[in-house]
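# Coordinates in review
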Amino acid sequence: MNNTKVTDASLVRDYLDGNENALGALINRHQHRIYSFIFSKVYDRAITEDIFQDTFIKVIRTLKRGKYNEEGKFLPWVMRISHNLVIDHFRKNKRMPKFDNSGDFNIFSVLSDGDLNAEKQLIKDQIESDVQELIKELPADQLEVLTMRIYKDMSFKEISERTGVSINTALGRMRYALINLRKIIEKRNLILTN
Amino acid sequence: MGKLYFKKPSKEENLHHLQPKKETIEFLLNYSKALSVIEYKKMKFESLLN
């Protein structure tokens, strides 16, 4: 077939009449322009290939459904379809951005598992049981306030109601409990950090 | 300033050799052959006959 003489319009007509080769001729004639156009927008061979394919699937479906109105503007029509698909692609990516993990920044430094590893968990458990032993050395009133505040998560208002002392007294006992606890830790040369 | 150790291909150079893959074209031609639209009472149904 001599492509230079046959117009797009007559190729489209041939295709609609059932000549499948006409589609091949149309694709051959315009593939470079359409492909380059898509590539110039997305700069990715794989995505270009996908959009190129989707463009022609749309072209084929529209032609076969008889929805194409012949105005002798085949190429601009196909370009418009590919342009719309490029826009769709960017919209989709904006909604669900993909992260390319090839640069200096490693996504897993942000997405790391926040849980402690087995060793640190053991240390943490050990420290907690040590502290529970240490607080037993505090005077009874301070121990009571500290236990209510830290282990039972009570507010100072609730503590004052339960123990029958003012809020300020409860606060003071808590303060002395912490000061005394630090003293005990220093005296025994303990290191209670993870 | 950082040195560039590789040649960045120019856009024009890149665009010159751009062609879709043969497989893509073949797929499209086969898709076209397989697709048929059946019309029934102003309704259109597509069927892919592979």
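Residues numbered from 1 in each chain as written. Chains lettered and ligands numbered in written order. Predicted model: local features only at pLDDT ≥ 70, side-chain atom pairs only at ≥ 80, totals over all residues.

## Considerations on the pairing of strand β1 (residues 35-40) of chain B
All names here are of chain B. Definition in use: Partly exposed residues are those falling between the two cut-offs: more than 12 but fewer than 20 other C-beta atoms within 10 Å of their own, whereas 20 or more means buried and 12 or fewer means exposed, with C-beta atoms placed from the backbone. Counting from the N terminus, the helices are DSSP H or I runs at least four residues long and the strands are E runs at least two residues long. Pairing between two strands requires that DSSP report at least two bridges joining them.
Here β1 lies mainly on the outside; zero of its six residues are buried. Taken together, the six bridges between β1 and strand β2 (residues 43-48) define a ladder with antiparallel strand orientation. Across the sheet, the residue bridging to Tyr40 is Met43, located in β2.

## Examining the nonpolar core
Residues and elements named next belong to chain A. Under the convention used in this document: The nonpolar core criterion groups buried Ala, Val, Leu, Ile, Met, Phe, Trp, Tyr and Cys residues into a set whenever they are joined through C-beta atoms within 7 Å. Residues are scored as being in contact if the C-beta atoms we place from backbone atoms lie within 7 Å.
In terms of nonpolar packing, the biggest core is built from 20 residues, with Leu26, Ile34, Ile38 and Phe52 touching the most fellow members. Elements with a minimum of two residues in this core: α1 (8-16), α2 (20-42), α3 (45-64) and α4 (74-95). A total of nine residues in this core trace back to one element, the largest contributor, which is α2. For Ile34, the residues in contact, after removing those within four places along its chain, are Phe52, Thr55, Val78, Met79 and Ser82. Counting residues in hydrophobic clusters, the runner-up holds six residues, among them Val145, Leu146, Ala170 and Ala177.

## Let's talk about the interface of chain B and chain A
Rules: Gly is placed with the polar residues, together with every amino acid not listed as nonpolar (Ala, Val, Leu, Ile, Met, Phe, Trp, Tyr, Cys and Pro) or charged (Asp, Glu, Lys and Arg).
Contact residues are listed per partner, giving 17 residues for chain B and 19 residues for chain A. Mapped by element, the contributors of at least two residues to the side of chain B that touches chain A are α2 (22-34), β1 and β2 of chain B. The leading source of residues in the side of chain B that touches chain A is α2 of chain B, at eight residues. A breakdown of the residues in the side of chain B that touches chain A according to their chemical character gives ten nonpolar, three polar and four charged.

## Remarks on helix α6 (residues 140-151) of chain A
All names here are of chain A. For clarity, the threshold we go by: Multiply 1.5 Å by the residue count of a helix minus one, and that product is the helix's expected span. To obtain the arc, one takes the directions from the helix axis to the C-beta atoms.
Here α6 is twelve residues long and its end C-alpha atoms lie 15 Å apart, about the 16 Å a rise of 1.5 Å per residue gives. Taken together, the buried positions of α6 are Gln142, Val145, Leu146 and Arg149. One side of α6 holds all its buried residues, which, seen down the axis, span an arc of 95 degrees. Turned more than 90 degrees from where α6 packs its buried face, Ala140 and Tyr151 sit exposed. Of the surrounding elements, those touching the buried residues of α6 are α7 (156-163) and α8 (167-187).

## A look at the environment of Ala140 of chain A
All names here are of chain A. By the secondary structure assignment, Ala140 is in helix α6. For Ala140, a count of 7 C-beta atoms within 10 Å gives the class exposed. For Ala140 and Ala177, which are 37 residues apart along the polypeptide, the C-alpha to C-alpha distance reads 9.8 Å.

## Topic: the packing of α2 of chain A against α4 of chain A
Residue and element names in this part refer to chain A. Test applied: Axis angles are defined between N-to-C directions and span 0 to 180 degrees, where every axis is a line fitted to C-alpha atoms and, for a helix, only to the segment in contact. Reported orientations rely on four angle classes, namely roughly parallel under 35 degrees, roughly antiparallel over 145, roughly perpendicular from 65 to 115, and oblique for the rest. Crossing handedness: left-handed means the near helix sits turned counterclockwise from the far one by under a right angle, and right-handed means the same turn made clockwise.
Between α2 and α4, the least distance of the axes is 10 Å, while the angle of their chain directions is 30 degrees. By the criterion of interaxial angle, the relationship of α2 to α4 is roughly parallel. Helix-helix and strand crossings are classified by hand; for α2 and α4 the assignment is right-handed. Taking contact as the criterion, the partners of Leu26, His30, Ile34, Phe37, Ile38, Lys41 and Val42 in α2 are, on α4, Phe74, Leu75, Val78, Met79, Ser82, Val86 and His89. Class assignment for the residues of the contact of α2 with α4 results in ten nonpolar, three polar and one charged.

## Some points on the confidence of the model for chain B
Residue and element names in this part refer to chain B. Selection criterion: Per residue, pLDDT captures the predictor's confidence, and it can take any value from 0 to 100.
Overall, the prediction assigns chain B a mean pLDDT of 77, with 66% of residues at 70 or greater. Looking across chain B, the model is least confident in helix α1 (residues 11-16), with a mean pLDDT of 56, and most confident in α2, with 92. ipTM for the predicted complex: 0.72, alongside a pTM of 0.55.

## Re the pairing of β2 of chain B
Across the six residues that make up β2 of chain B, only a small minority, zero, are buried. Between β1 of chain B and the antiparallel strand that follows it, β2 of chain B, lie two residues; Lys41 of chain B among them carries a positive phi value of about 45 degrees.

## Considerations on unusual backbone geometry
The phi dihedral of Tyr43 of chain A is positive, around 50 degrees, even though this residue is not glycine. Topologically, Tyr43 of chain A is positioned in the loop between α2 and α3.

## Brief notes about the packing of α7 of chain A against α8 of chain A
All names here are of chain A. In the contact formed by α7 and α8, the axes pass within 8 Å of each other and the chain directions differ by 105 degrees. Here α7 is positioned roughly perpendicular relative to α8, judged by the angle of their axes. Here α7 contributes Phe156, Lys157, Ile159, Ser160 and Thr163 to the contact with α8, which in turn contributes Ile167, Ala170 and Leu171.

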